[in-house]
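# Structural characterization, general
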Amino acid sequence: MEATHVRPGYEVWRPNRESARNKSTKALVALVLLISAALIVIIVFGGWERLQDTTMAIIALAWAGVYVLFAYLVSRWNRGVLPVAASLAVILAIFAGVATPAWFDRAKDGLSSPALPEEMLGLLTLLLIPVQLLLIVVAMVAFNQQWHIEEERPIRGAPLAGEDAAPSRA
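In short, a report on the structure. (Residues numbered from 1 in each chain as written. Predicted model: local features only at pLDDT ≥ 70, side-chain atom pairs only at ≥ 80, totals over all residues. Heavy atoms only, no water.)

## Notes on the overall build of the protein
We count it as follows: In this text, helices come from DSSP runs of H or I with a minimum length of four residues, and strands from runs of E with a minimum of two, each type numbered from the N-terminal end. A 1.4 Å probe rolled over the protein chains alone gives each residue an accessible area, and that area as a share of the maximum for its type sets the label: buried under 20%, exposed over 50%, partly exposed in between. Throughout, the Shrake-Rupley method with a 1.4 Å probe supplies accessible areas, and for residues the shown protein chains are the sole cover considered.
When you go through the protein residue by residue, the secondary structure sums to four helices and two strands. Burial analysis of the protein (170 residues in total) assigns 31% to the buried set. If you sum the accessible surface of the protein, you get close to 10,300 Å²; carbon and sulfur atoms cover 64% of it.

Right under this line is the structure:
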């Protein structure tokens with residue numbers, strides 16, 4: 001039997017998607033993913049001239065694109081991307097922790113400035129770390145909410161499988 005096949009008179013019901021808590025968690029995960037993507041894009045474009053390698057800038061933009069894609073998938077109740085998002089958040093938090101001091105070190109006289117001030121880029125990069133930690137936490141909370149549970153339940157007023165459509169008269 002295929003996974004999407006439902007018996008006549010029944011409908012697929014996903015009980016764990018109806019609670020306000022689960023809907024809020026889903027929205028929070030998508031929001032944190034979009035905030036992370038926005039921070040990445042601002043940091044990359046704000047410091048584009050001073051990035052040591054354009055390949056890394058392109059990878060960072062691709063990373064932001066993946067986060068936007070994950071936000072879309074999470075908004076459609078796809079729970080499979082949650083552990084991947086959490087693992088990418090761990091890696092990005094490490095990268096941000098390593099990159100933050102470099103932006104602050106560039107804030108000296110005699111060095112040419114990027115589009116955004118170095119202090120602002122350093123602060124945004126530093127802000128990326130707690131945002132990634134929040135993403136890890138909310139993604140794992142959402143993963144444990146069991147969004148994937150499906151049950152069959154009778155459609156109200158419809159005849160159930162094995163029953164006659166017309167009531168019998170005795």
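## Considerations on the environment of V84
Checked against the element boundaries, V84 lands in helix 3 (residues 82-105). According to the relative accessible area criterion, V84 is partly exposed, its value standing at 39%. Each C-alpha atom of the pair V84 and A139 lies 9.2 Å from the other, and the pair is 55 residues apart in sequence.

## Considerations on the environment of A62
For A62, the location among the structural elements is in helix 2 (residues 54-75). Through-space distance from the C-alpha of A62 to that of A37 is 9.6 Å; in sequence the pair is 25 residues apart.

## Remarks on a nonpolar patch on the surface
Put simply, the test is: Residues enter patches when they are more than 30% accessible in relative terms and free of salt bridges; like-charged ones are connected within 9 Å and nonpolar ones (Val, Leu, Ile, Met, Phe, Trp, Tyr) within 5 Å. Here a salt bridge means any side-chain nitrogen of Lys or Arg lying within 4 Å of a carboxyl oxygen belonging to Asp or Glu.
Nonpolar side chains collect at one region of the surface, where V90, I91, I94, F95 and V98 lie side by side and expose about 460 Å² of accessible area between them. Mapping I94 onto the fold places it in helix 3.

## Things to note about the nonpolar core
Our working definition: What is meant by a nonpolar core is a set of buried Ala, Val, Leu, Ile, Met, Phe, Trp, Tyr and Cys residues, joined one to another through side-chain atoms within 4.5 Å.
Counting residues in each nonpolar core, the largest one holds 36 residues, and the members touching the most others are V29, L33, I40, Y67, V74, L82 and L128. Elements represented by at least two residues in this core include exactly helix 1 (20-46), helix 2, helix 3 and helix 4 (118-143).

## A few points about the packing of aromatic side chains
Operational definition: Centres within 6.5 Å are what make two rings of Phe, Tyr or Trp a pair, Trp counting through its six-membered ring; a difference in plane orientation under 30 degrees is then read as stacked, over 60 as edge-to-face, and the rest as tilted. As a reminder, the over-ring test applies to NZ of lysine and CZ of arginine, requiring each to be within 6 Å of the ring centre and within 35 degrees of the ring normal.
Under the definition given, this model contains two aromatic pairs. Summarising the aromatic geometry, the rings of F45 and W48 are spaced 6.0 Å apart at their centres and angled 20 degrees between planes, so their arrangement reads as stacked. By relative accessible area, F45 is classed as partly exposed at 49%. Ring geometry for W63 and F95: centres 6.1 Å apart, planes at 70 degrees, overall edge-to-face. Taken as a pair, W63 in helix 2 and F95 in helix 3 lie far apart in primary sequence, 32 residues in all. Judged by its relative accessible area of 15%, W63 falls in the buried class. R79 extends its terminal NZ or CZ atom over the ring of F143, reaching a point 3.9 Å from the ring centre.

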